[in-house]
Amino acid sequence: MSISAIKYPSINAKLKGMYSKEDADREQIEKVLNGEIIYDIEKIVKYLDKNDTQIFNLLISKYEIRCIKRAIKLLYSKNEYDENIKIWTNTIFTDLKGLESIKSIDEFLKIINNTKYKKILKKYFENKNTEYSIFEIENELDKMYLKSIYNSAGNNKNLKKMIGAKIDFTNILWIYRMKKYYNFSEDKIEKSTIDINY
């Protein structure tokens, strides 16, 4: 996709400026895009009532999960800091502040202790006798998000159908990855997919 294809002038201008420099990289581009998403979120929230805010918070929790995923990878990398986590923890997800510079599993668990992801993450990181892949942890977080979105649709059949189609597609991708890259058993594949079919 060419930069001119982007319909947002502010993003367009920033990315053009970055691409004119030889040292522009994926992290810098992601930072610009994250900044624009955060800007839009902060504008939208001002116009929501209590009920709409709850639904909106559920929808944007996918970005919160993305921060947690990046932090997990940060734990196992040589990097000591992730600016694309900080841009979120400084603005939208302030309860995750510090996640951008964690250096140990204990620090990580302390930060997520008061979040809705605590139970899932502690299951993996506190059990030192069993080894898990990062894919399995990310899979659990994504399952939680998609199930929550589906359940939030209530009796809206059209919305449930749309979300259900997304879940079906996600399950197909997961099954492909689990068979091709992780050699999961059929039983483990069944437990790792979302038990909602459309």
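Scroll up to find the structure this text is about.
Residues numbered from 1 in each chain as written. Predicted model: local features only at pLDDT ≥ 70, side-chain atom pairs only at ≥ 80, totals over all residues. Heavy atoms only, no water.

K.L.:
Break down the overall build of the chain for me, citing the residues and quoting the values.
P.N.:
Along the chain, the regular secondary structure elements total 9 helices and 0 strands. Walking the chain from its N terminus toward its C terminus, one meets helices and strands in the order α-α-α-α-α-α-α-α-α. Considering the chain as a whole, with its 198 residues, one finds that 39% of them fall into the buried category. For the chain, the proportion of contacts with a sequence separation of at least 24, taken over those separated by at least 6, is 54%. Per element, the accessible surface of the chain, about 13,000 Å² overall, is 51% carbon and sulfur. (Helix = DSSP H or I, 4+ residues; strand = E, 2+ residues; numbered from the N terminus. Buried < 20%, exposed > 50% of the residue type's maximum accessible area, 1.4 Å probe, protein only. Contact = heavy atoms within 4.5 Å. Areas by Shrake-Rupley, 256 points an atom, 1.4 Å probe, with all protein chains shown as cover.)

K.L.:
Go over the layout of surface pockets, please, and point to the residues and values.
P.N.:
Of the pockets and cavities examined, the largest pocket occupies roughly 490 Å³. Lining the largest pocket are 18 residues, with Lys69, Asp142, Lys166, Thr170 and Trp174 positioned closest to its centre. Only α3 (50-75), α7 (134-152) and α8 (157-180) provide two or more residues apiece to the lining of the largest pocket. Partitioned by chemical class, the residues of the lining of the largest pocket number 7 nonpolar, 2 polar and 9 charged. Considering only enclosed or pocket space, the second largest pocket measures out at about 270 Å³ in volume. Along its surface, the second largest pocket is lined by 14 residues, and Leu59, Ile60, Lys62, Tyr63 and Tyr145 are the ones closest to its centre. Breaking the lining of the second largest pocket down by element, the ones donating at least two residues are α2 (26-45), α3, α7 and α8. (1 Å grid on protein atoms, 1.4 Å probe; cavity = no way out; pocket = protein on both sides within 12 Å on 5 of 7 lines; lining within 4 Å. Points joined across faces, edges and corners; volume = space filled by probe spheres on them. Nonpolar A, V, L, I, M, F, W, Y, C, P; charged D, E, K, R; others polar.)

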